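Spelled out, the chains give:
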Number of protein chains: 2
Amino acid sequence: MNNYSFDELSVGMSEDFEVTITSEMLENFKAITGDVNPLHNDEEFAHSKGHPGRVAFGMLTASFLSTLAGVYLPGEKSLIQQVETKFANPVYIGDVLTVKGEITELIESVQRLELKVTITNQNGKKVLRGKMQILVV
Amino acid sequence: MNNYSFDELSVGMSEDFEVTITSEMLENFKAITGDVNPLHNDEEFAHSKGHPGRVAFGMLTASFLSTLAGVYLPGEKSLIQQVETKFANPVYIGDVLTVKGEITELIESVQRLELKVTITNQNGKKVLRGKMQILVV
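Since this is a predicted model, take the numbers as computed values, not measurements.

Parameters at a glance
Residues numbered from 1 in each chain as written. Chains lettered and ligands numbered in written order. Predicted model: local features only at pLDDT ≥ 70, side-chain atom pairs only at ≥ 80, totals over all residues. Heavy atoms only, no water. Buried < 20%, exposed > 50% of the residue type's maximum accessible area, 1.4 Å probe, protein only. Helix = DSSP H or I, 4+ residues; strand = E, 2+ residues; numbered from the N terminus. Arc of directions from axis to C-beta. Contact = heavy atoms within 4.5 Å. Buried area = accessible area lost by both parts, 1.4 Å probe. Salt bridge = Lys/Arg side-chain N within 4 Å of Asp/Glu carboxyl O. Polar contact = N/O pair within 3.5 Å; in protein donor to acceptor, adjacent residues only side chain to side chain. pLDDT = per-residue confidence, 0-100. Pairing = 2+ DSSP bridges. Axes fitted to C-alpha atoms, helices over the stretch in contact; angles between N-to-C directions. Phe/Tyr/Trp six-rings, centres within 6.5 Å; stacked < 30°, edge-to-face > 60°. Least-squares fit on C-alpha atoms with pLDDT ≥ 70 in both.

### Comments concerning helix H1 (residues 23-33) of chain A
Along H1 of chain A, the positions that sit buried rather than exposed are Met25, Leu26, Phe29, Ile32 and Thr33 of chain A. The buried side chains of H1 of chain A occupy one side of the element, clustering within an arc of 125 degrees when seen end-on. Residues of H1 of chain A that are exposed and point more than 90 degrees away from the buried face comprise Glu24 and Ala31 of chain A. Among the structural elements, strand S1 (14-20), helix H2 (38-41) and helix H4 (58-72) of chain A together with helix H1 (23-33) and helix H4 (58-72) of chain B are those in contact with the buried residues of H1 of chain A. Where H1 of chain A terminates, the next one or two residues include glycine 34 of chain A, which has phi positive at roughly 75 degrees.

Shown next, in the form of structure tokens:
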């Protein structure tokens, strides 16, 4: 786990990691949230909507932004204040996602950084775009 | 589960539900994301930062927006396009959260709704404020 202090950060710094989406992740996410929407839970329903299989919950994909901030950039001192995400393409079980964040702004007076975030699948398609405001505390 | 069609929706409609945050939710969220940040996983570390106990991952609290859209408003036909969240106050194990969404805009040409979302704890404190853009498909 990284543990950057505010003074060690600079605009342009980036971190990334890979995750593979599993059916267990979908089950765990449903267990947490109670989101029983059939698009994520019923293979036949997902097919009827034109998908090759169950679609991962968008907010499950967004969950990896927690790891991006809390483990990678800035790591231990992270306190997420604000998150904006756009879901650009569907995510399926078996997809290998690259979660990436790059510092675009540092505001010393409040020890806050802005991270531009992208999550890309194994075909190079962006599945999530967004930005985060994170305090370094 | 609700299953509103676009034509059945109107500005001002709202839905809400309650959830109690459990340590199992934190464990499940860590299992999904690999976010091992000690603020969420280490009681002593959380105390050292001035908290009464481990702090729930912000993105775990945000996960309930998945349920709000996919089960309640609009329910089955929900496809989340965009989410903005601000984390206003910390959430702890045992907190009873009220997750609420209210329709603030309906755009018929693209069958999209905007939801103003708030998550409030048992003391009436807002822990999350935000908005969502959701397609009804």
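There is more to say, and it comes next.
### A few points about the interface of chain A and chain B
Facing the 38 residues of chain A at the interface are 38 residues of chain B. Carbon and sulfur atoms supply 61% of the area that chain A and chain B bury against each other, a total of about 3100 Å² over both sides. The interface formed by chain A and chain B contains 0 salt bridges. The tally of links from chain A across to chain B stands at 16 residue pairs in polar contact (both at pLDDT 80 or more). Put simply, the parts of the chain that give the side of chain A that touches chain B at least two residues each are H1, H2, H4 and strand S2 (78-87) of chain A.

### Focus: the confidence of the model for chain A
When pLDDT is averaged across chain A, the result is 98; 100% of the residues are at 70 or more. Reported confidence for the predicted complex is 0.96 by ipTM and 0.97 by pTM.

### Observations concerning the sheet that holds strand S4 (residues 112-120) of chain A
Strand order in the open sheet formed by 10 strands is S1(A)-S3(A)-S4(A)-S5(A)-S2(A)-S2(B)-S5(B)-S4(B)-S3(B)-S1(B), and the pairing between neighbours is antiparallel. Strands with a single pairing partner mark the edges of an open sheet, and in this sheet they are S1 of chain A together with strand S1 (14-20) of chain B. Direction aside, neighbouring strands of the sheet carry axes that sit 20 degrees apart on average. Alignment of strand S3 (residues 96-107) of chain A against S4 of chain A, held across 9 bridges, turns out to be antiparallel. The residue bridging glutamate 102 of chain A from the neighbouring strand is lysine 116 of chain A, located in S4 of chain A.

### Here's the deal with the packing of aromatic side chains
All names here are of chain A. Tallied over the full model, the rule gives 4 aromatic pairs over all chains. Taken together, a centroid distance of 4.6 Å and an interplanar angle of 5 degrees make the contact between phenylalanine 17 and tyrosine 72 stacked. With phenylalanine 17 in strand S1 and tyrosine 72 in helix H4, this residue pair connects regions lying 55 residues apart in the sequence. The exposure class of phenylalanine 17 is buried, given its relative accessible area of 9%. Among the residues examined, tyrosine 72 registers a relative accessible area of 24% and is labelled partly exposed. Where phenylalanine 29 meets phenylalanine 57, the ring centres are 4.7 Å apart and the plane angle is 40 degrees; that geometry is what we call tilted.

### Focus: the relation of the copies chain A and chain B
Here the two chain copies are tied together by a rotation about an axis and a shift along that axis. Of the transformation placing chain A onto chain B, the axial shift is 0.0 Å and the rotation is 180 degrees, giving an RMSD of 0.0 Å. The transformation just described matches what one would write down for a two-fold rotation axis. When each C-alpha of chain A is compared by its distance to the rotation axis, glutamate 84 of chain A comes out closest, at 2.2 Å. Here 100% of the contact residues of chain A are again contact residues in chain B; the copies associate through an equivalent surface.

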